[in-house]
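What follows is the residue order along each chain.
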Amino acid sequence: MKVTAVDFVRSAASAADLPRDPLPQIAFVGRSNVGKSSLINALVKRTVARTSAAPGKTRLINLFRVSLASKSPSSPIDRFYLVDLPGYGYARGGEKSQAEFDLLVRQYFGSPQHGAAAVLQLVDIRHPGLPQDVAAHAWLAAQERPCAVVATKSDKLSRNERVRALQQWEQSLATPPLPVSAANGEGMEDLWKLIATLLTPRA
Ligand code: GTP
Ligand code: MG
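Residues numbered from 1 in each chain as written. Chains lettered and ligands numbered in written order. Predicted model: local features only at pLDDT ≥ 70, side-chain atom pairs only at ≥ 80, totals over all residues. Heavy atoms only, no water.

Student: Where do I start with helix H1 (residues 36-44) in this structure?
Tutor: Every α-helix carries 3.6 residues per turn, so stepping three or four residues along brings you back to the same face. Taken across its nine residues, H1 has eight buried, putting it largely inside the fold. Of all the positions in H1, only Lys36, Ser37, Leu39, Ile40, Asn41, Ala42, Leu43 and Val44 are classed as buried. Lys45 occupies a position one or two residues after H1 and carries a positive phi of about 55 degrees. (Buried < 20%, exposed > 50% of the residue type's maximum accessible area, 1.4 Å probe, protein only. Helix = DSSP H or I, 4+ residues; strand = E, 2+ residues; numbered from the N terminus.)

Below is the structure:
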């Protein structure tokens, strides 16, 4: 996929700060440190999102507007937002601050006019079936938005380990995750195809 432009649009601290234009938004959701910001950078082949080895880096809703080189049958939408959300499951400031993050994310999903068109839930391929991820998946599924699961950091496992991990993930979420690696670029073309599918309006 050829990305012609990526613009950091803004950091939103509340749903009121979300863009008012009608471009669809793909939200990246997952535990802190799972690799949401890294995956956005790997997808667009630019360093636009800030990443960190320590969890709790992304604390606001960061919006990146992406333009693709051309529309095609597999990708009928050539302009949209990738949305980098704060992670769940960790907060530097303790539980109170985690509650504020959760509120921000809930607000984001609760604003149908300005919120996500579709969701990518990111899970760490090495930790199949984490209860927090399973619970988040159930919550997201209830949002009635197109949602797909991506298993990050595939480079961290051997071939055999990853086959087993992917099977376990599929069992616990009842959907097969797409393995990707921001470190070595595995899965990026498939992820673009998945995004195109999520963005394609259903009949
Ligand atoms: P928060 O903003 O805190 O919610 O985290 P995040 O989900 O945005 O994670 P981030 O992209 O900041 O990455 C967390 C750490 O994982 C960083 O040290 C990254 O370098 C590392 N990382 C991310 N993706 C990969 C990957 O595909 N492979 C490997 N080996 N490391 C990765
Ligand atoms: Mg982040």
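Back to the write-up after that little detour.
Student: How should the coordination of the magnesium ion (ligand 2) be read in this particular structure?
Tutor: By definition of the ideal shapes, a tetrahedral metal site with four donors has angles of 109.5 degrees and an octahedral site with six donors has angles of 90 or 180 degrees. Only Ser37 (OG) and Thr58 (OG1) from the protein reach the magnesium ion (ligand 2) as donors, at distances of 2.0 to 2.2 Å. Linking Ser37 in helix H1 with Thr58 in the loop between H1 and strand S3 (61-68), this pair joins segments that are 21 residues apart in sequence. Taken as a pair, Ser37 and Thr58 share a single burial class, namely buried. (Donors = N, O, S within 2.8 Å, 3.2 Å for Na, K, Ca; no water.)

Student: Can you walk me through the site of ligand 1 in this structure?
Tutor: By nearness alone, 22 residues border ligand 1, and Lys36, Ser38, Gly56, Asp155 and Ala182 come closest of all. Val34 places a main-chain nitrogen or oxygen 3.3 Å from an oxygen atom of ligand 1. Separating an oxygen atom of ligand 1 from a side-chain N or O atom of Ser38 is a distance of 2.6 Å. Taking 660 Å² as the accessible area of ligand 1 by itself, protein coverage stands at 86%. Residue composition of the shell around ligand 1, grouped by class: five nonpolar, 11 polar and six charged. (Near = heavy atom within 4 Å. Polar contact = N/O pair within 3.5 Å; in protein donor to acceptor, adjacent residues only side chain to side chain. Areas by Shrake-Rupley, 256 points an atom, 1.4 Å probe, with all protein chains shown as cover. Nonpolar A, V, L, I, M, F, W, Y, C, P; charged D, E, K, R; others polar.)

Student: Would you mind going over the packing of helix H3 (residues 131-141) against helix H4 (residues 159-173) with me for this structure?
Tutor: What describes two packed helices is the angle between their axes and the distance between those same axes. At their nearest, the axes of H3 and H4 sit 10 Å apart, and the two run at 45 degrees to each other. Classified by the angle between their axes, H3 and H4 sit oblique to one another. Here H3 and H4 pass one another in a crossing that is right-handed. Residues Asp133, Val134 and His137 of H3 form the contact with H4, whose own contacting residues are Trp169, Ser172 and Leu173. Tallied by class, residues from the contact of H3 with H4 come to three nonpolar, two polar and one charged. (Axes fitted to C-alpha atoms, helices over the stretch in contact; angles between N-to-C directions. Parallel < 35°, antiparallel > 145°, perpendicular 65-115°, else oblique. Left-handed = near helix turned anticlockwise from the far one by under 90°. Contact = heavy atoms within 4.5 Å.)

Student: What is the right way to read the pattern of salt bridges from this model?
Tutor: Tallied over the full model, the rule gives five salt bridges. Residue Asp7 is joined to Arg65 by a salt bridge in which the shortest nitrogen-to-oxygen separation is 4.0 Å. Note that Asp7 is positioned in strand S1 (residues 3-12) and Arg65 in strand S3, a separation of 58 residues in sequence. Owing to a relative accessible area of 34%, Asp7 belongs among the partly exposed residues under this scheme. Across the pair Asp124 and Arg126 runs a salt bridge, and its minimum N-O distance is 2.8 Å. (Salt bridge = Lys/Arg side-chain N within 4 Å of Asp/Glu carboxyl O.)

Student: Teacher, can you tell me more about unusual backbone geometry here?
Tutor: A negative phi holds for most residues other than glycine; trans holds for most peptide bonds. The backbone of Asn33 sits at a positive phi, close to 80 degrees, despite the residue not being glycine. The phi torsion at Lys153 lies on the positive side, around 65 degrees, for a residue other than glycine.

Student: Teacher, can you tell me more about the sheet that holds S3 here?
Tutor: Strand pairing within a sheet occurs via backbone hydrogen bonds; the two strands may be parallel or antiparallel. Strand order in the open sheet formed by seven strands is S1-S3-S4-S2-S5-S6-S7, and the pairing between neighbours is mixed. Two strands in the sheet have a free side with no partner beyond their single neighbour: S1 and strand S7 (178-179). As defined by bridge partners, strand S2 (residues 25-30) adjoins strand S4 (residues 79-84) across four bridges and the pair is classed as parallel. Bridge pairing in S4 places Ile26 opposite Leu82. Against the sheet, H1 contacts S1, S2, S3, S4, strand S5 (118-124) and strand S6 (147-152), and its axis sits at roughly 150 degrees relative to S4. Its contacts with the sheet put helix H5 (residues 188-199) on S1, S2, S3, S4, S5, S6 and S7, and the angle it makes with S5 is roughly 145 degrees. (Pairing = 2+ DSSP bridges.)

Student: Even after reading the chapter, I still don't get the packing of aromatic side chains, so can you show me in this structure?
Tutor: Given two aromatic rings, one states the distance between the centres and the angle between the planes to describe the pair. In this structure the tally under the stated criterion is four aromatic pairs. Consider the rings of Phe109 and Trp139, whose centres lie 5.7 Å apart with planes at 80 degrees: the pair is edge-to-face. On the criterion of sequence distance, the pair formed by Phe109 in helix H2 (residues 95-109) and Trp139 in helix H3 is long-range, its members being 30 residues apart. By relative accessible area, Phe109 is classed as buried at 3%. Grouped by ring-pair contacts, the aromatic residues Tyr108, Phe109 and Trp139 constitute a single cluster. (Phe/Tyr/Trp six-rings, centres within 6.5 Å; stacked < 30°, edge-to-face > 60°.)

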